[in-house]
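Chain by chain, the residues run as shown.
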There are 2 protein chains.
Amino acid sequence: MTKRRYDPEASREAILDAAEKLFAARGFGEVSTSAIAEAAGVSQSQIHYHFDTKRKLWGQVFQRRFAEYFATQKQTLEAAGLEGKERLALSIRAYFEFFRANPQFVKLLGRAQLAGVQKGEEPLSAELMRQGTEVIALAQQAGDLRSDVAPQFILIGFLSLVAHWFQCRDRYVPEAGLKASPPSYDDQYLDFILKTYLKGVTP
Amino acid sequence: MTKRRYDPEASREAILDAAEKLFAARGFGEVSTSAIAEAAGVSQSQIHYHFDTKRKLWGQVFQRRFAEYFATQKQTLEAAGLEGKERLALSIRAYFEFFRANPQFVKLLGRAQLAGVQKGEEPLSAELMRQGTEVIALAQQAGDLRSDVAPQFILIGFLSLVAHWFQCRDRYVPEAGLKASPPSYDDQYLDFILKTYLKGVTP
DNA sequence: GTACGATTCAATCGGTCAATCGATTTGCTT
DNA sequence: AAGCAAATCGATTGACCGATTGAATCGTAC
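Parameters and conventions
Residues numbered from 1 in each chain as written. Chains lettered and ligands numbered in written order. Predicted model: local features only at pLDDT ≥ 70, side-chain atom pairs only at ≥ 80, totals over all residues. Axes fitted to C-alpha atoms, helices over the stretch in contact; angles between N-to-C directions. Helix = DSSP H or I, 4+ residues; strand = E, 2+ residues; numbered from the N terminus. Parallel < 35°, antiparallel > 145°, perpendicular 65-115°, else oblique. Left-handed = near helix turned anticlockwise from the far one by under 90°. Contact = placed C-beta atoms within 7 Å. Nonpolar A, V, L, I, M, F, W, Y, C, P; charged D, E, K, R; others polar. Core = buried A, V, L, I, M, F, W, Y, C linked by C-beta atoms within 7 Å. Buried ≥ 20, exposed ≤ 12 C-beta atoms within 10 Å, placed from the backbone. Least-squares fit on C-alpha atoms with pLDDT ≥ 70 in both. Near = placed C-beta within 6 Å.

Chemist: Could you clarify how one ought to interpret the packing of helix H8 (residues 151-172) of chain A against helix H8 (residues 151-172) of chain B in this entry?
Modeler: The relative placement of two packed helices comes down to the angle between their axes together with the axis-to-axis distance. In contact at an axis separation of 8 Å, H8 of chain A and H8 of chain B are set at 115° when each is read in the N-to-C sense. Viewed along their axes, H8 of chain A and H8 of chain B adopt a mutual orientation that is roughly perpendicular. Here H8 of chain A runs over H8 of chain B; the crossing is right-handed. Taking contact as the criterion, the partners of Ile156, Gly157, Ser160, Leu161, Ala163, His164, Trp165 and Tyr172 of chain A in H8 of chain A are, on H8 of chain B, Ile156, Gly157, Ser160, Leu161, Ala163, His164, Trp165 and Tyr172 of chain B. Its residues assigned to classes, the contact of H8 of chain A with H8 of chain B shows 10 nonpolar, 6 polar and no charged.

Chemist: Would you explain the nonpolar core in this entry?
Modeler: Considering soluble globular proteins, one finds that nonpolar side chains tend to be buried as a cluster. One finds Phe23, Ile36 and Val162 of chain A together with Phe23, Ile36 and Val162 of chain B to be the most contacted residues of the largest nonpolar core, which totals 103 residues. Every residue in contact with Val162 of chain B, bar those within four places of it in the chain, is listed here: Ile92, Tyr95, Phe96 and Phe99 of chain B.

Chemist: Is there a simple way to explain the packing of helix H1 (residues 8-26) of chain B against helix H3 (residues 44-51) of chain B in this structure?
Modeler: All names here are of chain B. Contact geometry of H1 with H3 gives a least axis separation of 10 Å together with a crossing angle of 105°. Regarding the angle of H1 to H3, the classification is roughly perpendicular. Within the contact between the two elements, H1 uses Ser11, Arg12 and Ile15 and H3 uses Gln46, Ile47 and His50.

Chemist: Is there a simple way to explain the relation of the copies chain B and chain A in this structure?
Modeler: Copies of the same chain, two in number, are related to each other by a rotation about an axis and a translation along it. Once chain B has been moved 0.0 Å along the axis and rotated by 180°, it coincides with chain A to within an RMSD of 0.1 Å. Taken together, the rotation and translation relating the two chain copies correspond to the operation of a two-fold axis. Comparing contact sets, 100% of the residues at the interface of chain B also lie at the interface in chain A, consistent with an isologous, same-surface contact.

Chemist: Would you mind going over the protein's contact with DNA strand D with me for this structure?
Modeler: Taken together, 21 residues sit near DNA strand D, with Pro8, Ser43 and Ser45 of chain A together with Ser32 and Thr53 of chain B positioned nearest. Sort the elements by how many residues they give to the surface near DNA strand D and helix H3 (residues 44-51) of chain A lands first, with 4 residues. Residue composition of the surface near DNA strand D, by class: 5 nonpolar, 12 polar and 4 charged.

Chemist: Can you walk me through the interface of chain B and chain A in this structure?
Modeler: Accessible area lost during the coming together of the parts is what is often quoted as the interface size. At the interface, 34 residues of chain B touch 34 residues of chain A. Taken together, the elements giving at least two residues each to the side of chain B that touches chain A come down to helix H6 (103-115), helix H7 (122-141), H8 and helix H9 (185-200) of chain B. Among the elements that make up the side of chain B that touches chain A, the one with the highest residue count is H8 of chain B (13 residues). Here the side of chain B that touches chain A is built from residues that sort into 16 nonpolar, 12 polar and 6 charged.

As structure tokens, then:
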């Protein structure tokens, strides 16, 4: 890991990191390529050399994190050894912990959502929905979850409870993100979801 | 309602309407004052005459709808004559219907959230939280809601289930917004919330 | 009907933006 | 060490943006 004067891979990463931080904080339109370059410690023309256009840079920034998110979720969904509600509770925890660990991704996701479907993201998202719905449908057939509601809704419900919390907790509960002493607000809220929502979707 | 050549109030409204549509669709930084002016059918300088700066225009656009939202919610929360879970169910319906009727406000709210707390909005939002929590706490004391969870969480939970649905239903359930034939996906989801979440927060 | 403030528009300003270009430096191959 | 492609930078470009200005037009109070 010697520090080389010319290190295209390091430059690329530095630009991606700087862009992610700025895009998440301010949004695509409010961030200039010069600001990204400055934060990354490279010249502005580097951005166009490595990513062609600003729009394509945003695409790379988003896809990098989304791929990581996808991999984590897929791994959890495919984890064997658990059945029914245990599995659902585990998925909720994994989903929750990923967001807790990646606060910047929460903002990126929110901005991407408002901007409409991104290239290459829709099929991955659909794949997660398909697989998640399948797991829930199986739990319904096994009698672990109530069958009088659509499995998609059960999935969407828990996605909502987790995603919205991280999008809005600072608004709803000021300083919730700062209080680190366990049990933190995050932990309390996770307990709340597991206690109430899980009960609600039980037969 | 004669059409006058000089009609400052109509101009103001036209600018606000055009700005709301464009800001909701593309976001603050991606919309130029010229684009807003063109959509509103006035000259670009009108924007600065009526709203001073572009940033202040955004503030007015947001506050106009947020005030409407606040009034609706406050009215629902203060509506007497119902007790306990009936009241909670009614609130959920009102909240849900407001979002359904104002799809553009959902996007505005999302963008405002990502942009941080706006001037004059925080106290109103806090007021709704306070009042909502109070209603829930009363229901808990009456034994209509379980008392082993914080009332704030019960409130946040249902806010999440509703708000996130309208933010993401197009992603989760393609074309959910278009299908109008009752029972629409919206209605089905509302039923789902009322069936499951309400059960989950019952003692 | 006229005087005056309010409203509107066209023209334009300085500044910033994304993108391009030319020149220079670096690392690698032979 | 020579040659070459890749990588980097500084300068530049043309377009656009938000904001300002000044003149023209309208409504209205008197």
